[in-house]
Amino acid sequence: MTIRHFQQFINGGQVAASGVVLYSVDATTGERLPYTFREATAGEVAAAASAAAAAYPAFRALSPERRARFLDAIADGLDALDAGFIELVCRESALPPARIAGERARTSGQLRLFATVLRRGDYLGARIDLAQPQRKPLPRADLRQYRIGVGPVAVFGASNFPLAFSTAGGDTASALAAGCPVVFKAHPSHMATAAMVAEVIVAAADRTEMPAGVFNMIYGDRVGEPLVKHPEIRAVGFTGSLRGGRALCDMAAARPHPIPVFAEMSSVNPVLLMPHALERRGATIATQLAASVALGAGQFCTNPGLVLAVRSPALGAFVEHLQAAITGIAPQVMLNTAGLAHYQQGVGRFADTPGMMLLAQGVAETGRAPAQLWRADSALLFQADGRLQQEVFGPCTVLVEFDDAEQLHKAVQALEGQLTATVIAEREDLAGAGALVAVLEEKAGRLLINAYPTGVEVCDAMVHGGPYPATSDARGTSVGTLAIDRFLRPVCYQDFDDALLPEALRDGNPLAIERLVNGVRTRDAVVRPQ
C-alpha cells in the first residue's frame with residue numbers, strides 16, 4: 001500500500017515538516033488510512049502567519065473582480081474532484097455519500113455566492129458626504145468611507161462539516177472575499193480531506209495569480225495557541241465546542257494587541273410546541289422532530305436539544321408518538337471516537353441529575369450512538385449550573401413540561417443565547433404570540449415557525465449566530481453573505497484627491513456600485529462643490 005505524506009501548506013507550496021507524525025483514520029473502523037501528516041512546529045506556525053501577512057497588502061489591493069475569479073476557481077476545482085474524493089471524505093467522517101455530495105455543492109455554492117457579493121459591491125459600504133464649503137458657522141470637509149479587510153485571519157475547521165465548515169468553508173470563503181489571507185488549522189478528524197481541498201485552493205490561487213501566501217494550512221492539536229497569539233493574525237474564525245471557543249477568546253483577549261474571535265460554540269436550539277398544533281398534528285410533529293434530532297447522528301449545531309410545552313392530554317399523546325419514533329431509530333456511527341465519548345458523558349450527566357428521566361432510547365450497539373429522549377423537571381431550567389442548557393452533541397433531546405403558558409414564558413426568559421428557536425404552532429396559537437416572539441428575538445439568531453432548525457440555507461438573509469454562548473459575538477453570522485462583515489473594518493478619507501482614493505470612493509464611481517451619497521443611495525458619479 002502506497003502511503004502519501006502531506007506537509008504544511010505555506011506560502012503557495014508544501015513545506016517539509018519535522019514535527020510529530022499524525023495519521024488519518026477511518027471513522028467507522030478506526031483503521032489508519034494511507035496518509036501521514038506532521039504536526040506543525042512553532043517555526044512553521046510563524047511562517048504561515050508571516051506568509052499571510054506578506055500577502056495581505058497585495059491581496060486586499062486587488063479589484064473585487066480579481067478576488068471573485070479566485071473564489072470561482074476554487075469552486076470549480078472542488079466540483080471537479082472525482083468520486084474517490086467523496087469516498088475519502090466518507091471514510092474520514094462516517095457520513096454517507098449523498099450527504100458529502102450535498103455538502104460539496106453547498107461549499108462550492110457559497111464560494112460562488114461570495115464571488116457574487118464581490119461583484120455586487122455592497123459589502124464595501126461606500127459612503128460619501130460631499131464638502132459643504134459654505135456651511136456656517138463652520139464648513140464641512142469632504143468625507144468618504146468604505147471597508148477593507150482586517151488582515152490575516154486564522155480559521156479553525158469544524159469536525160461535523162468536513163467541507164462546508166472546513167478548509168474552503170464559510171469562514172475561509174468570507175475571509176478571502178473580504179481581502180484577508182487565511183491560515184487554516186486542519187481538524188484532526190479529516191486531515192486528508194483538508195489536504196485535498198487545500199491543493200485545490202493553492203492551485204486556484206496559482207491559476208488566478210493570487211499572492212503566494214493568500215492561503216496556508218497547518219496540522220496539529222497544539223498549534224492553535226501559537227497561531228492565535230501570533231502578532232500578524234488579526235481575527236479568528238472558529239466552529240466547535242464552548243470550551244474550545246472560550247479558550248481561543250481568552251487567548252485573543254490576552255494578546256498585547258487583542259483581536260476579535262468569531263466563535264460558533266454551543267446551542268440547545270429550543271423547540272416550543274403550542275397547544276393547537278399538538279391537538280391537530282401531534283403524531284406528525286413527533287415524527288418530524290425525531291427525524292431532526294437524529295439527523296446526521298445529531299451532529300448539527302442546530303440540533304433541537306430542548307423541547308418545551310404546556311402539559312395537556314394532547315402533549316401526552318405526542319410524547320407517546322415521540323417515544324415510539326425515537327425507539328425505532330437505528331444507532332449511528334459518530335464523526336470520531338472522541339465525539340462518541342463526549343456524547344456518552346453528556347447523557348451520563350443527565351442520568352446523574354435528579355429530576356431527569358430517560359423516556360426512550362434507540363437500539364444500543366457498541367461503538368455507535370443511540371438516539372435518546374429525556375424528560376426533565378422544569379425547575380432544572382432555572383438552576384445556576386445550567387446543566388439543562390449545556391449542549392449534548394449527538395442524537396438526544398430533552399422534554400420539559402409546564403403547568404401553563406405563563407410558566408413556559410418564564411422558562412423562555414431564562415434561556416441562554418441560542419443559534420435557533422422554533423415555534424410549532426397553528427394560526428390560533430400565533431394570534432397572541434407577539435410577546436413570546438419578542439423574548440425569542442433576544443435569545444436567538446434565527447427564529448423558525450413550523451420548521452425544524454437542522455439545515456441552514458446559504459443566502460443573503462441567513463443568520464447562523466446568536467447571543468452567548470451560541471457565539472462569542474452576536475453581531476455576526478458564520479453562514480450567509482453577512483459573514484463577510486466579520487472580517488471588514490471601516491476607513492474614512494477626509495479631503496483626499498480623487499486619484500488617491502480607492503476606486504469605490506472616486507468621483508466617477510468606476511466600480512459602478514451603489515453608494516450612499518449625502519444620505520441618498522445612488523450609482524451616479526459625484527461632482528465636488530467648488
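Residues numbered from 1 in each chain as written. Predicted model: local features only at pLDDT ≥ 70, side-chain atom pairs only at ≥ 80, totals over all residues. Heavy atoms only, no water.

1. Description of the overall build of the chain
- When helices and strands are counted, the chain shows 14 helices and 22 strands.
- Once the C-alpha set of the chain is aligned to its principal axes, its extents read approximately 75 × 70 × 40 Å.
- Here the chain holds 530 residues, and 56% of them are scored as buried.
- Restricting the contact set of the chain to residue pairs at least 6 apart, pairs at least 24 apart contribute 76%. (Helix = DSSP H or I, 4+ residues; strand = E, 2+ residues; numbered from the N terminus. Buried < 20%, exposed > 50% of the residue type's maximum accessible area, 1.4 Å probe, protein only. Contact = heavy atoms within 4.5 Å.)

2. Overview of the pairing of strand 13 (residues 270–273)
- Both faces of strand 13 are covered, namely the face carrying Pro270 and Leu272 and the face carrying Val271 and Leu273.
- Of the strand pairs in this sheet, strand 13 and strand 14 (residues 306–310) are connected by four bridges, and their pairing is parallel. Following the sheet pairing, leucine 273 is matched in strand 14 by alanine 309.
- Remark: the strand 13/helix 9 (residues 275–294)/strand 14 crossover connection has right-handed handedness. (Pairing = 2+ DSSP bridges. Right-handed = clockwise from strand over helix to strand, strands pointing away.)

3. Points about the sheet that holds strand 19 (residues 444–449)
- Pairing within the open sheet is mixed, and its seven strands lie in the order 15-16-17-14-13-18-19. Because the sheet does not close on itself, it has two edges, and the strands there are strand 15 (356–361) and strand 19. The mean angle between the axes of side-by-side strands here comes to 20°, regardless of whether they run parallel or antiparallel.
- Pairing analysis gives five bridges linking strand 14 to strand 17 (residues 396–402), with the strands arranged parallel. (Axes fitted to C-alpha atoms, helices over the stretch in contact; angles between N-to-C directions.)

4. Topic: the packing of helix 12 (residues 405–414) against helix 14 (residues 434–443)
- Orientation of helix 12 relative to helix 14, taken along the N-to-C sense of each, is 20°, at an axis distance of 9 Å. Relative to helix 14, helix 12 is oriented roughly parallel. Considering the relative orientation of helix 12 and helix 14, their crossing is left-handed. Contacts between helix 12 and helix 14 involve His409, Val412, Gln413 and Ala414 from the first element and Ala435, Leu436, Val439, Leu440 and Lys443 from the second. (Parallel < 35°, antiparallel > 145°, perpendicular 65-115°, else oblique. Left-handed = near helix turned anticlockwise from the far one by under 90°.)

5. Digging into helix 2 (residues 64–80)
- Compared with an ideal rise of 1.5 Å per residue, which puts 17 residues at 24 Å, helix 2 spans 24 Å between its outermost C-alpha atoms and is within 8% of the ideal.
- Buried residues of helix 2: Pro64, Arg67, Ala68, Phe70, Leu71, Asp72, Ala73, Ile74, Ala75, Gly77 and Leu78, and no others. (Expected span 1.5 Å × (residues − 1).)

6. Topic: the packing of aromatic side chains
- Tallied over the full model, the rule gives eleven aromatic pairs.
- Ring geometry for phenylalanine 161 against phenylalanine 165: centres 5.3 Å apart, planes inclined by 55°, an arrangement best described as tilted. Side by side, phenylalanine 161 and phenylalanine 165 carry an identical accessibility label, which is buried.
- Grouped by ring-pair contacts, the aromatic residues Phe6, Tyr35, Phe37 and Tyr219 constitute a single cluster.
- The aromatic ring of tyrosine 23 is capped on one face by arginine 32, whose charged end is 3.6 Å from the ring centroid.
- A cation over a ring is seen here: arginine 67 above phenylalanine 59, with NZ or CZ 5.8 Å from the ring centre. (Phe/Tyr/Trp six-rings, centres within 6.5 Å; stacked < 30°, edge-to-face > 60°. Lys NZ or Arg CZ within 6 Å of the ring centre and 35° of its normal.)

7. Notes on the UniProt feature "domain: Aldehyde dehydrogenase" (unreviewed entry) in the chain
- Following the UniProt record, one finds the feature "domain: Aldehyde dehydrogenase" (unreviewed entry) at residues 35–327.
- The span residues 35–327 shows a helical share of 52% and a strand share of 15%, and its end C-alpha atoms are spaced 39 Å apart. (UniProt positions renumbered as here; feature names shortened; annotations may be inferred.)

8. With respect to the sheet that holds strand 1 (residues 4–5)
- With respect to topology, three strands assemble into an open sheet ordered 1-5-4, the strand pairing being mixed. Each of the sheet's edge strands pairs with one partner strand only, and the pair in question is strand 1 and strand 4 (21–25).
- Taken together, the four bridges between strand 4 and strand 5 (residues 32–38) define a ladder with antiparallel strand orientation. Within strand 5, the residue paired with tyrosine 23 across the bridge is threonine 36.
- Of the strands in this sheet, strand 4 and strand 5 touch helix 3 (residues 83–93), which is tilted by about 85° from strand 5.

9. Thoughts on a nonpolar patch on the surface
- A cluster of nonpolar side chains, namely Val21, Tyr23 and Val25, defines an oily patch on the protein surface of about 210 Å² accessible area.
- Summarising the element assignment, tyrosine 23 is placed in strand 4.
- You can call tyrosine 23 partly exposed: its relative accessible area is 35%. (Patch = residues over 30% accessible without salt bridge, like charges linked within 9 Å, V, L, I, M, F, W, Y side chains within 5 Å. Areas by Shrake-Rupley, 256 points an atom, 1.4 Å probe, with all protein chains shown as cover. Salt bridge = Lys/Arg side-chain N within 4 Å of Asp/Glu carboxyl O.)

10. Things to note about the pairing of strand 8 (residues 153–156)
- Neither face of strand 8 is open: one carries Val153 and Val155, the other Ala154 and Phe156, and all of them are buried.
- Inspection of the sheet shows strand 8 paired to strand 9 (residues 182–185) by four bridges, in the parallel sense. Across the sheet, alanine 154 pairs through a bridge with valine 183, a residue of strand 9.
- Looking at chain direction, strand 8 and strand 11 (residues 235–239) are connected through four bridges and run parallel. Bridging from a neighbouring strand, alanine 154 pairs with valine 236 of strand 11.

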